[in-house]
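In case you want the letters, here they are:
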Number of protein chains: 2
Amino acid sequence: MVPPPSVPVDAQAQPIGPMDQNPPQSTGHQHARFIDGLELECGATLKPLTMAYRTYGRLSEAADNAVLVCHALTGDQYVAEVHPVTGKPGWWDRLVGPGLPIDTDRFFVVCINVLGGCMGSTGPRSARSEDGGEPWGTDFPPVTVRDMVRAQALVVSRLGIDRLFAVVGGSMGGMQVLSWAATFPERVFAAVPIATASFHSAQNIAFNEVSRQAIFADPDWHGGRYWQDGLVPARGLAVARMMAHITYLSEEALTRKFGRRVRTDPAAPTGNGAGIGLFGEMFEVESYLRHQGSSFVRRFDANSYLTITRAMDYFDVAADHGGDLAAAFAGTSTRFCVVSFSSDWLFPTAQSRAVARALNKAAANVSFVEIETDKGHDAFLLDEPDFDRTVRGFLSGCAEHAGLA
Amino acid sequence: MVPPPSVPVDAQAQPIGPMDQNPPQSTGHQHARFIDGLELECGATLKPLTMAYRTYGRLSEAADNAVLVCHALTGDQYVAEVHPVTGKPGWWDRLVGPGLPIDTDRFFVVCINVLGGCMGSTGPRSARSEDGGEPWGTDFPPVTVRDMVRAQALVVSRLGIDRLFAVVGGSMGGMQVLSWAATFPERVFAAVPIATASFHSAQNIAFNEVSRQAIFADPDWHGGRYWQDGLVPARGLAVARMMAHITYLSEEALTRKFGRRVRTDPAAPTGNGAGIGLFGEMFEVESYLRHQGSSFVRRFDANSYLTITRAMDYFDVAADHGGDLAAAFAGTSTRFCVVSFSSDWLFPTAQSRAVARALNKAAANVSFVEIETDKGHDAFLLDEPDFDRTVRGFLSGCAEHAGLA
């Protein structure tokens, strides 16, 4: 087969301006505002601090039925409802809802946009002073996963919740789960870290670094002050997303979904000056990735991407406890269910097993489940009945032990 | 640990102009020129055709001791001598030389810059007409791996070689080995396809597509006509190389080499306006990748990168033979040694095993060796004694069967 030439991702698309990226003005996020702000691990204080969140279900009178769901790198608080920007279903509406494994008939579910995010919580797109002013942009102070968790804890307290029944999350959400359990052990009855690790590996740091450099290489990056010109570094951010998306899947899943099938490329140049031997075709996997890239830039801020990937890279629970992961969980009474997926090569099972082993060493109550699947890292977001059963079973058992009705 | 902010790869470096990229004028590549040119699979004819190559050792009087070494995506013909542009040792001088596994005391070794490359063979940087004129750039016709092999065959004939004693190569070089054996079975006595596959997988196409989009996203890309402004899309090409480099290694190798070690970042912004909480540090793996990216753009042409990655993506030996890989090798008398590396996730052992299985089905003479290593795809370029022994042993055995002195 003869290859046609390559086509830039935006060959036919309109330039993606800020109107495509910023949430519509009509999107009213649910906010909690903390006038004293939050002192970060780096020493800077974000003041005031605003955290955007969503809740599902009802908090019991004893305030003992709250489940905090922590979102991943590019997720947000819209867990189980139509997303106000994309119009798509909630990212975990398969798992969170009435009668579902995280049962909103029984539990009060809270999900909070992470500190540094771009869906209403204080982040690089926020004004840098109380009186407004220009966005933080690249001057937004570096945040850690523990900072994210400390900001969430303020919201949880504000909601009148002393102890969370459970903290659940996958990928970077799982990092938050581990950080919650290590930072506030007395506030977490049960913890479900999914498809995650206690530190970011060299390979994962490497992928994140490439995604950052892709953003910097964009002509519209403008040193991070892209908003000044009414632009977003859409192409660089799309490249970052495309690459990351490959790491979320598995070779098997890509082969099953796309193989080497080609399709007509609507953006292929035809006729004069565009070269010889053009058949106007491209691989389906390319088309899919381009779509992933271009739809992402409409909802995500590049400076948030930089801030959050940095937080992931610097995540290392053991480093905060003298290099001993077990020490981070010493004396914990939290019940853990550590979940991994067999084909996840971004957060391989071995990294989850290391977490489970450290918890065992800390004499914690821990179960460890590896789900057999070919769907890769993304499996935690997809239809995996064994995974659903695991979450349902663990939470039900914990609810019984906690004496929940 | 608190993350410092991210720094663009070129934060302190000088802009990389064409002087850094083009080979110095003094580099006189060894050329073969074919005035009748070559008709490509796409139907276009490259006329004239120039192929740059290097030879090592002496061709026997019977012209029966020639070994063609095929280079990978970013390699070139400087196999076993100091590279004229980078000043670095030859990319396979560990394997090719007097007394080495590909023994230049015994064999006449030929290596040819691939068609579409940028080290002297006709490619996108070549003038588009016989009379000179502007470079082909993105108008360079799409080439296939088989086109590359057919262009090599012209050089081999010009050198007076009817039948090659052996064709050896890794990665895309291995694709050429398979294409040689399928296209010119009577001209290949022995074939050593290393760390390769009979087709590019969906995952590999996906990675290549991201690297192409990274190049397109560079402000200096200029629709592929970057030479007009005396520029190269250095940042995009560096991002492409950085990402590709991760895929050449393994998680184990990255962890062993770098882990989560940090170093002082000489390019880190300090003082005013650069943010809060800067410690001027970065992960060593980031520093390493940035170096890989920036040194690459000094020696490689972006349009060649596009042309060659496209050829790889469209490589599918079976597709050219009715979907049956065994049919591609029906009746072959070539002796094969298929080599894979256990930690290679870009061209996993399963893909080499599929090649060996098809060869068995075709009743070919084939041995298959998986080398145990944690070095990933790059292992074929690195110190792997078991690999060296495999190549040496196979070629010695074949030389005996061929009746070479």
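As a reminder, the structure under discussion sits directly above these lines.
Residues numbered from 1 in each chain as written. Chains lettered and ligands numbered in written order. Predicted model: local features only at pLDDT ≥ 70, side-chain atom pairs only at ≥ 80, totals over all residues.

What follows covers the overall build of chain A. In terms of helices and strands, chain A carries 11 helices and 16 strands. With 405 residues in all, chain A has 57% of them scored as buried. (Helix = DSSP H or I, 4+ residues; strand = E, 2+ residues; numbered from the N terminus. Buried ≥ 20, exposed ≤ 12 C-beta atoms within 10 Å, placed from the backbone.)

Here we take up the interface of chain A and chain B. Listed per partner, the contact involves 61 residues of chain A and 60 residues of chain B. Of all elements in the fold, only helix 4 (202-216), helix 5 (234-248), helix 6 (251-257), helix 7 (284-296) and helix 8 (302-313) of chain A reach the threshold of two or more residues within the side of chain A that touches chain B. The biggest single contributor to the side of chain A that touches chain B is helix 4 of chain A, with 11 residues. Split into classes, the residues belonging to the side of chain A that touches chain B amount to 36 nonpolar, 13 polar and 12 charged. (Contact = placed C-beta atoms within 7 Å. Nonpolar A, V, L, I, M, F, W, Y, C, P; charged D, E, K, R; others polar.)

All names here are of chain B. Counting buried positions along strand 12 (residues 188-194) gives seven out of seven residues, so the element sits mostly inside the fold. Of the pairings in the sheet, the one linking strand 11 (residues 164-170) to strand 12 comprises six bridges and is parallel in character. By the bridge assignment, Val-168 is partnered in strand 12 with Val-192. Pairing of strand 12 with strand 15 (residues 335-341), which is carried by three bridges, proceeds in the parallel orientation. Across the sheet, residue Ala-190 finds its bridge partner in strand 15, namely Arg-335. (Pairing = 2+ DSSP bridges.)

It is worth spelling out the relation of the copies chain A and chain B at this point. Mapping chain A onto chain B calls for a rotation angle of 180° and an axial translation of 0.0 Å; the resulting RMSD is 0.0 Å. The transformation just described matches what one would write down for a two-fold rotation axis. Taking the C-alpha atom as reference, chain A places Pro-219 of chain A closest to the rotation axis, 2.3 Å from it. The share of interface residues of chain A whose copies in chain B are also at the interface is 98%, consistent with both copies meeting through the same surface. (Least-squares fit on C-alpha atoms with pLDDT ≥ 70 in both.)

What follows deals with the sheet that holds strand 8 (residues 108-112) of chain A. All names here are of chain A. Taken together, eight strands build an open sheet; the order of strands is 1-4-8-5-11-12-15-16 and the sheet is mixed. Looking at the sheet topology across the chains shown, the edges are occupied by strand 1 (30-34) and strand 16 (365-371). Ignoring strand direction, the axes of neighbouring strands in this sheet form an average angle of 20°. When strand 15 (residues 335-341) meets strand 16, the two strands line up parallel, connected through seven bridges. Directly across from Arg-335, in strand 16, lies its bridge partner Asn-365. This element, helix 2 (residues 145-158), spans strand 1, strand 4 (49-56), strand 5 (66-70), strand 8 and strand 11 (164-170) of the sheet and lies at about 60° to strand 4. (Axes fitted to C-alpha atoms, helices over the stretch in contact; angles between N-to-C directions.)

A word on the nonpolar core. With 261 residues, the main nonpolar core has Val-109, Ala-166 and Val-192 of chain A together with Val-109, Ala-166 and Val-192 of chain B as its most contacted residues. Ignoring sequence-local partners within four residues, the contact set of Ala-166 of chain A consists of Val-67, Phe-189, Ala-190, Ala-191, Val-192, Leu-395 and Cys-398 of chain A. (Core = buried A, V, L, I, M, F, W, Y, C linked by C-beta atoms within 7 Å.)

A word on the sheet that holds strand 1 (residues 30-34) of chain B. Residue and element names in this part refer to chain B. Pairing within the open sheet is mixed, and its eight strands lie in the order 1-4-8-5-11-12-15-16. Two strands close off the open sheet at either side, each with one partner strand: strand 1 and strand 16 (365-371). Here the strands of the sheet are splayed against their neighbours by 20° on average, with no regard to which way each runs. Note that strand 5 (residues 66-70) and strand 11 share four bridges and pair parallel. Opposite Val-69, over in strand 11, you have Val-168 as the bridge partner. Running over the sheet, helix 10 (residues 349-361) touches strand 12, strand 15 and strand 16 and is turned about 165° from strand 16.

Okay, the packing of helix 2 of chain A against helix 3 (residues 172-183) of chain A next. Residues and elements named next belong to chain A. Here helix 2 crosses helix 3 at 70°, and the two axes come no closer than 9 Å. Considering their axes alone, helix 2 and helix 3 lie roughly perpendicular with respect to each other. On helix 3, the residues touching Val-145, Arg-146, Met-148 and Val-149 of helix 2 are Met-175, Gln-176, Ser-179, Trp-180 and Thr-183. Broken down by class, the residue content of the contact of helix 2 with helix 3 amounts to five nonpolar, three polar and one charged. (Parallel < 35°, antiparallel > 145°, perpendicular 65-115°, else oblique.)

Looking now at helix 7 (residues 284-296) of chain B. Here helix 7 of chain B spans 18 Å end to end across 13 residues, near enough to the 18 Å set by a 1.5 Å rise per residue. Turning to helix 7 of chain B, its buried residues are Val-285, Glu-286, Tyr-288, Leu-289, Arg-290, Gly-293, Ser-294 and Phe-296 of chain B. For helix 7 of chain B, the elements touching its buried residues are helix 4 of chain A together with helix 5 (234-248), helix 6 (251-257) and strand 14 (281-283) of chain B. (Expected span 1.5 Å × (residues − 1).)

Another point: the packing of helix 4 (residues 202-216) of chain B against helix 8 (residues 302-313) of chain B. Packed helix pairs are specified by the crossing angle of their axes together with the interaxial distance, meaning the distance between the axes. All names here are of chain B. The contact between helix 4 and helix 8 brings their axes to 10 Å, and the two run at 160°. Judged by the inter-axis angle, helix 4 sits roughly antiparallel to helix 8. Seen from above, helix 4 lies across helix 8 with left-handed handedness. Contacts between helix 4 and helix 8 pair Ile-205, Asn-208, Ser-211, Arg-212 and Ile-215 from the former with Ala-302, Tyr-305, Leu-306, Thr-309, Met-312 and Asp-313 from the latter. Tallied by class, the residues present in the contact of helix 4 with helix 8 amount to six nonpolar, three polar and two charged. (Left-handed = near helix turned anticlockwise from the far one by under 90°.)

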